[in-house]
Amino acid sequence: MIVSMWMSRKVLTVTPDSLLTEAATLMTAKQVRRLLVVKAQPEGMTLLGILSQGDLFRAFPSEINPFSVVAAEAYRSHTTVREVMHHHPISTAPDAPIELAARIMRDHKIGALPVVQHGLVVGIITESDIFRAFVELFAAQQDEVRITFDASKEEDTLEAVVNLAARHNVQVVSLLTSEHDGRHIGVVRVTGKAIERFESELWRSGHPVLNILRTP
């Protein structure tokens, strides 16, 4: 899966010259936690920065909640987004693997990445989008069984699972492998009437089953 499959294409933006009170009002109205700071060009929007809720909390006096309904009236300020925003934010590309975007967010402790293509903003991907992607990737659907097994045995895991499924007339919905704590782990989602025989032979073939999740 790639970023473009999960990113939001409708991006809320402000300019560097927007007032902080305007940015706070927009965040409140649209119930978002960040805004991209852009410059409009004939061909699209170029990314200049990003403004988060945390930036606004730090910029406003401690006694004023920037997202309250009276904030704009209570705090009349000419402070602009330019003075508070994060300049040159980390971004990603629409064709980047979604796990790379997730790793960047984790490593840099940030909750979103602007998505830029050919120098223009085309979307934004957030930690919530990442969660949605991984839920869809791993969640077993109705009448499916998700089996987590040890894939450390030196063989082609895909070939072994597909051949095993074919012998028992079981359909492989998805198969993922990964390294965890120095151990090679496989996660296969299957459906069919002979899943129990599939599980038993998987174990006997040298792949201990670590977990089985059945969906009614």
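Anything mentioned here points back to the structure above.
Note that the coordinates shown come from a computational prediction; the quantities given were computed from them, not determined experimentally. The residue numbers shown here count from 1 along each chain, following its written sequence. With the structure being a predicted model, the display of local features is reserved for residues of pLDDT at least 70 and the display and counting of side-chain atom pairs for 80 or more, all residues being used for whole-chain, interface and lining totals. By convention in this description, side-chain values take in all heavy atoms of the structure and omit both hydrogens and water.

1. Section: the sheet that holds strand β4 (residues 86-87)
Any two strands are treated as partners once DSSP identifies two or more bridges connecting them. Helical segments are the DSSP runs of H or I of at least four residues, strand segments are the runs of E of at least two, and each set is numbered from the N terminus. Here we have four strands laid out as an open sheet, ordered β1-β2-β3-β4, and mixed in their pairing. Here the strands that pair on one side only, and so sit at the sheet edges, are β1 (13-14) and β4. Sheet topology note: the β1/strand β2 (residues 34-41) ladder contains two bridges and is parallel. Looking across to β2, one finds that Thr13 is bridged to Leu36. Residue contacts are defined here by distance: any two heavy atoms, one from each residue, within 4.5 Å place the two residues in contact. Every angle, taken between N-to-C directions, lies between 0 and 180 degrees, and every axis is a line fitted to C-alpha atoms, over only the stretch in contact when it is a helix. The strands touched by helix α1 (residues 20-30) within the sheet are β1, β2 and β3 (44-52), with β2 carrying the most contacts at an inclination of about 115 degrees.

2. Some points on helix α5 (residues 127-138)
Between its terminal C-alpha atoms α5 stretches 17 Å, which fits the 16 Å expected from twelve residues at 1.5 Å a residue. Here the term buried applies to any residue with accessible area under 20% of the maximum for its type, exposed to any over 50%, and partly exposed to those in between, with areas from a 1.4 Å probe on protein chains only. Those residues of α5 lying buried are Asp129, Ile130 and Ala133. Summarising the axial view, the buried residues of α5 lie within an arc of 100 degrees, below the 170-degree limit, and thus occupy one face. The exposed residues of α5 that point more than 90 degrees off its buried face are Phe131 and Val135. Every helix has an expected span of 1.5 Å times one less than the residues it contains. What the arc measures is the spread of directions leading from the helix axis to the C-beta atoms.

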